[in-house]
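Residues per chain are reported as follows:
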Amino acid sequence: PTNTSLSELHLTGIPGLQHLHLWISIPFCIMYLVTLVGNCTLLCVIKADPSLHLPMFLFLSMLAVIDLVMSTSIMPKMLGIFWFHSTTISLGACLTQMYFVHAFSAMESGVLVAMAFDRYVAICHPLRYLSVLTGPIVVVIGLATFLRAVVCMTPITSQIRRLPLCGPAIVDHSYCEHMAVLRLSCEDAAFISTYTLSISTCVVSFDSLLIAVSYALILRAVLSLSSPQACRKALGTCSSHLCIMALYYIPGLLSVYMERHHQELPPHVQVLLADLYLLIPPAFNPLIYGIRTKQIRDGARRVISR
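In this text the structure is predicted, and so the values were computed from the model without any measurement. (Residues numbered from 1 in each chain as written. Predicted model: local features only at pLDDT ≥ 70, side-chain atom pairs only at ≥ 80, totals over all residues. Heavy atoms only, no water.)

> How do you make sense of the overall build of the protein chain when you look at a structure like this?
The helix and strand tally for the protein chain stands at 10 helices and 3 strands. Listing the helices and strands of the protein chain from first to last along the sequence gives β-α-α-β-α-α-α-β-α-α-α-α-α. Restricting to contacts in the protein chain with at least 6 residues of sequence separation, those with at least 24 account for 79%. In the form shown here, the protein chain has an accessible surface area of approximately 14400 Å², with 71% of it arising from carbon and sulfur atoms. (Helix = DSSP H or I, 4+ residues; strand = E, 2+ residues; numbered from the N terminus. Contact = heavy atoms within 4.5 Å. Areas by Shrake-Rupley, 256 points an atom, 1.4 Å probe, with all protein chains shown as cover.)

> Even after reading the chapter, I still don't get the packing of helix 2 (residues 55–84) against helix 9 (residues 267–291), so can you show me in this structure?
For the pair helix 2 and helix 9, interaxial distance at closest approach is 9 Å and the crossing angle is 145 degrees. In terms of crossing hand, the pair formed by helix 2 and helix 9 is left-handed. Between helix 2 and helix 9, the contacting residues are L60, L63, D67, M70, S71, I74, M75 and M78 on the first element and D275, L278, L279, P281, P282, N285 and Y289 on the second. Of the residues in the contact of helix 2 with helix 9, the class split is 11 nonpolar, 2 polar and 2 charged. (Axes fitted to C-alpha atoms, helices over the stretch in contact; angles between N-to-C directions. Left-handed = near helix turned anticlockwise from the far one by under 90°. Nonpolar A, V, L, I, M, F, W, Y, C, P; charged D, E, K, R; others polar.)

> Is there a simple way to explain helix 5 (residues 135–162) in this structure?
An ideal rise of 1.5 Å per residue puts 40 Å on 28 residues; helix 5 measures up with 41 Å between its terminal C-alpha atoms. Maximum bend of helix 5: about 35 degrees, positioned at M153, with proline P155 one to four residues after it. All buried positions along helix 5 are accounted for by V138, G142, T145, A149, C152, M153, I156, T157 and I160. Tucked into the core, helix 5 has its buried residues touching helix 2, helix 3 (91–124), helix 6 (178–182) and helix 7 (190–223). (Expected span 1.5 Å × (residues − 1). Bend = angle between axes of the 7 residues up to and from the residue. Buried < 20%, exposed > 50% of the residue type's maximum accessible area, 1.4 Å probe, protein only.)

> Looking at this model, I keep getting lost on the sheet that holds strand 3 (residues 170–171). Mind explaining?
Strand pairing in a sheet is mediated by backbone hydrogen bonds. Such pairs are either parallel or antiparallel. If you trace the 3 strands from one edge of the open sheet to the other, you get 2-1-3, paired in mixed fashion. Each of the sheet's edge strands pairs with one partner strand only, and the pair in question is strand 2 (88–90) and strand 3. When strand 1 (residues 8–11) meets strand 2, the two strands line up antiparallel, connected through 3 bridges. Bridge pairing links H10 to T88 in strand 2. (Pairing = 2+ DSSP bridges.)

These values are about where atoms sit, not about what they do.
Okay, structure coming up:
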């Protein structure tokens, strides 16, 4: 539609692959169901078992809540596009979706840093673990992560809200990705685009640096262990954490930079990369952090037996 009121927009889904929407929806739907079941189960087990009320699992609970909100902010509408061709979204709902994606992505990055710090204290200073990561400290870290996301990401949505948008009101994406919406602007949006890219790069670079330092110190401590079994256990924990962080950070940055230079890649590649960046980590987090963690498995057995 070329004369649709800009009080509403139309999402195209995955440009060029509309004829495959039904098939594409199958793995997307499976990942969303895994996200819902896995993270809800994780939250229930941690809440029900008092032995899991430790800083590590409190951070894991934060991560699970963030993953649930981030996935749910995009997946129901995306599946509506794939299954029912329900492409219309109001401008307010679009901006709200955009804000949730940005803010909760930044929160997830902050929680990953907190989890890396948690592992550093647990492995390098085990006797001081509970004295360093007390309840109030965990709450402060959670609030700091939340406030940083709000302060950094609110200007992106508020600036786009002030921009006049021109028709056709078609967003070549499966959700309200900010660069795709910016292309509808009647004015020059270079400042907002640069700000978004700068903030995303700074957040990811700073958080990645902190995570790298934490795991470098962990590896140094682990390699000095005299017990091969303890060394393997610590390395196994670190490797699984680093894998999920790589799944989160690398596609995220690639998505941001490719959307800015959108002419260099086919549109469906950009859109699929942006979709998977928001769907794969939430689906894998409960599997890697939950099922592979012995305390979670033991806690689940105790909850089931009760």
